[in-house]
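Working through the structure, step by step
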Amino acid sequence: MKSIIKSLAIGAAVLTAPVTVQAAGHESLNYVLVSHAPDSDSWWNTIKNGIALAGEQMGVNVEYRNPPTGDLADMARIIEQAAASGPNGIITTLSDYDVLKGPIMAAVDSGIDVIIMNSGTPAQAREVGALMYVGQPEYDAGYAAGMRAKGDGVGSFLCVNHYISSPSSTERCQGFADGLEVELGNQMIDSGQDPAEIKNRVLAYLNANPETDAILTLGPTSADPTLLALDENGMAGAIYFGTFDLGENIVAGIKAGTIKWGIDQQPFLQAYLPVVVMANYHRYGVLPGNNINSGPGFVTADGLEMVEKFAGEYR
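Residues numbered from 1 in each chain as written. Predicted model: local features only at pLDDT ≥ 70, side-chain atom pairs only at ≥ 80, totals over all residues. Heavy atoms only, no water.

**Section: the sheet that holds strand 8 (residues 214-217)**
Defined as follows: Pairing between two strands requires that DSSP report at least two bridges joining them. Helix and strand labels come from DSSP, where a helix needs a run of H or I of at least four residues and a strand needs a run of E of at least two; each type is numbered from the N terminus. Between the N-to-C directions of two axes lies an angle of 0 to 180 degrees, each axis being a line fitted to C-alpha atoms and, for a helix, fitted only over the stretch in contact. Whether two residues touch is decided by their heavy atoms; if any such pair falls within 4.5 Å, the residues are in contact.
The strand order across the open sheet formed by six strands is 7-6-8-9-10-12, and the pairing between neighbours is mixed. Each edge of the open sheet is held by one strand with a lone partner, namely strand 7 (188-190) and strand 12 (297-299). When strand polarity is set aside, the average angle formed by the axes of neighbouring strands in this sheet is 20 degrees. As paired elements, strand 6 (residues 157-161) and strand 8 share four bridges and run parallel to each other. Among the inter-strand pairings, Val160 is bridged to a residue of strand 8, identified as Thr217. On the sheet, helix 8 (residues 195-208) packs against strand 6, strand 7 and strand 8 and is oriented at approximately 160 degrees with respect to strand 6.

Okay, here's the thing in structure tokens:
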């Protein structure tokens, strides 16, 4: 496998400053992507790479902004600041509708085109006046995962929710429970984002609930410490383990058989496609007639070749 660490380092440095380009024969177009991700979440490096490549290929200026700690009130202020800078378009996550709808709708009312990506729903995107939604319907992805797990004989589970303040994270857990046709109840835990705390809370839950059939994690932030927990209590490879998203340790877990599957929402497309769509809309007035689902797709041990090749950059 190519060096994931090197790839992540490249991704993290992609958009420390706006990428400025201009296509020949076209006026300058400026887009800002605002995410809810804290600086510590390396999964978003693929998003940064996606908008950087799209900006280069389409000849537009792109910039990535985010709240350093993941605070959603801070994100709302960043959207307001981005709108005040007068870009042609804003691409933003909608991780909490109630917190973010105000500044997004204000941006739309001021004449700025908006595309919702990654989190939120197509219905919410329509309600705030966005052009479209590009992402993975989180409840549907969780439901598909639950149906898959049910077919494999799973009846109970632990959902390790490391971002419980985001409704879309809970939708993943709820969808999984509904796919299994069981109540979510206390099978979802608020793990927080500290790796040591996540590991301890997973160990505590499994110790208190030894008959748990499966574990669902929501990304590398929760999957990586959970892998360590299972190594420690001897359950690695013995308990059914599925996860959202991909990462270096997740890929290694799938390859080793510790993780059954990873749900790939294709974050590269979530960043890349909105830039392409907006540029063509602003230049030629063309727009897709519907929202774009970037996932879910299940990655198993049989489909790792391309994932390993581009892990940390485009996958």
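**Topic: the nonpolar core**
In plain terms, the rule: Definition used in this section: a nonpolar core is a set of buried Ala, Val, Leu, Ile, Met, Phe, Trp, Tyr and Cys residues joined via side-chain atoms within 4.5 Å. Each residue's exposure class comes from its accessible area (1.4 Å probe, protein chains only) as a fraction of the maximum for that residue type: buried when under 20%, exposed when over 50%, partly exposed otherwise.
Core analysis: the biggest nonpolar cluster contains 26 residues, and Tyr31, Leu33, Ile47, Val60, Tyr64 and Val275 have the highest contact counts within it. Elements with a contribution of two residues or more to this core: strand 1 (30-34), helix 2 (45-58), strand 2 (61-65), strand 4 (113-118), strand 5 (132-135) and helix 11 (267-284). With eight residues, helix 11 is the single largest residue contributor to this core.

**A closer look at the packing of helix 3 (residues 72-84) against helix 4 (residues 97-109)**
Where we set the bar: When describing relative orientation, an angle under 35 degrees is termed roughly parallel and one over 145 degrees roughly antiparallel, while 65 to 115 degrees is termed roughly perpendicular and anything else oblique. We call Asp, Glu, Lys and Arg charged. Ala, Val, Leu, Ile, Met, Phe, Trp, Tyr, Cys and Pro are nonpolar, and the rest, Gly among them, are polar.
Between helix 3 and helix 4, the shortest axis-to-axis distance is 9 Å and the interhelical angle comes to 0 degrees. When the axis of helix 3 is compared with that of helix 4, the two are roughly parallel. Each of Leu72, Ala73, Met75, Ala76, Ile79, Glu80 and Ala83 in helix 3 lies in contact with helix 4, whose residues at this interface are Val99, Leu100, Pro103, Ile104 and Ala107. Taken together, the residues of the contact of helix 3 with helix 4 sort by class into 11 nonpolar, no polar and one charged.

**A look at the pairing of strand 4**
The line we're drawing: Crossovers are described as right-handed under a simple rule: with the strands pointing away from the observer, the path leading from the first strand over the helix to the second runs clockwise.
Along strand 4, six of the six residues are buried, which leaves the element largely enclosed by surrounding structure. Across four bridges, the pairing between strand 3 (residues 89-92) and strand 4 is parallel. By the bridge assignment for strand 4, Gly89 is matched with Asp113. Once the chain exits strand 3 it traverses helix 4 before rejoining the sheet at strand 4, and the crossover so formed is right-handed. Alignment of strand 4 against strand 5, held across four bridges, turns out to be parallel.

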